[in-house]
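Listed here are the chains, written in short residue letters.
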Amino acid sequence: MSLPPALPMLAELRDVDSPAAARRTGAEFGRELHFADDLRRVRPWLAPEMAGRDIPAALLDSEWAGFLALLDERGPWVFVQNVRELQILTRLYSRLFRAVFPHGEGAGDSLTARLGVPPAPELAALEQAFWRQAGDFARQRHAAWSRLRR
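In short, a report on the structure. (Residues numbered from 1 in each chain as written. Predicted model: local features only at pLDDT ≥ 70, side-chain atom pairs only at ≥ 80, totals over all residues. Heavy atoms only, no water.)

1. Describing the sheet that holds strand S2 (residues 66-70)
Stage number 1. Strands sit in the order S1-S2-S3 across an open sheet of three strands; the sheet is antiparallel. The sheet terminates laterally at strand S1 (12-16) and strand S3 (77-80), the two strands that pair on one side only. Ignoring which end each strand starts from, the neighbouring axes of this sheet average 15 degrees apart.
Stage number 2. Where S2 and S3 come together, four bridges link them in antiparallel fashion. (Pairing = 2+ DSSP bridges. Helix = DSSP H or I, 4+ residues; strand = E, 2+ residues; numbered from the N terminus. Axes fitted to C-alpha atoms, helices over the stretch in contact; angles between N-to-C directions.)

2. Focus: the nonpolar core
Nonpolar side chains in soluble globular proteins tend to end up buried together.
Stage number 1. Formed by 24 residues in total, the largest nonpolar core has its most connected members in Leu71, Val78, Leu89, Tyr93 and Phe130.
Stage number 2. The element best represented in this core is helix H4 (residues 83-100), accounting for eight residues.
Stage number 3. For Leu89, the contacting residues outside a window of four places in its chain are Leu71, Val78, Val80, Phe130, Gln133, Ala134 and Phe137.
Stage number 4. Counting residues in each nonpolar core, the second largest holds 16 residues, with Phe35, Leu59, Leu60 and Trp77 among its members. (Core = buried A, V, L, I, M, F, W, Y, C linked by side-chain atoms within 4.5 Å. Buried < 20%, exposed > 50% of the residue type's maximum accessible area, 1.4 Å probe, protein only. Contact = heavy atoms within 4.5 Å.)

3. Details of the packing of helix H3 (residues 55-63) against helix H6 (residues 121-149)
Each pair of packed helices gets described by two things: the angle between the helix axes and the distance between those axes.
Stage number 1. One way to put it is that H3 packs onto H6 with a least axis distance of 7 Å and a crossing angle of 60 degrees. Between H3 and H6, the residues in contact are Leu60, Asp61, Ser62 and Glu63 and Ala138, Arg141, His142, Trp145 and Arg149, respectively.
Stage number 2. For the contact of H3 with H6, the per-class residue count stands at three nonpolar, two polar and four charged. (Nonpolar A, V, L, I, M, F, W, Y, C, P; charged D, E, K, R; others polar.)

4. Structural notes on the packing of aromatic side chains
Stage number 1. Under the definition given, this model contains six aromatic pairs.
Stage number 2. When the ring of Phe130 is compared with that of Trp131, the centres are 5.0 Å apart and the planes differ by 80 degrees; the resulting orientation is edge-to-face. Residue Phe130 shares its accessibility class with Trp131, and that shared class is buried. (Phe/Tyr/Trp six-rings, centres within 6.5 Å; stacked < 30°, edge-to-face > 60°.)

Structure below.
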């Protein structure tokens, strides 16, 4: 088994700045593993049955333009408004990543399972911090965009 990289590497980044870009992005990534679940996880306003291909358009409609990113091949999908938010989430995910390795690899619903380790309280706290921050960013954008559209 080879060791993973020292830090996670950004695997995908797309600018979702128009309805056409949202459609392209949805068509390209809508069926990717964890795509829809990760993006809905911190957005209770998105319908749970919404198809992954429709989520980028819903994000554009509910939060305005932003960047869709996959923080690592095994990592989370996020939608952020700017580079600052991307840097913060990358830093939080990197803390979890560094805490996990060199334990191995795997797959699952939680980020720690995707990184291949059993749950542990300290790792769960790092994962919760990541999702809490992602949710805070999403709620702030959603609320601000909703106020502007009134």
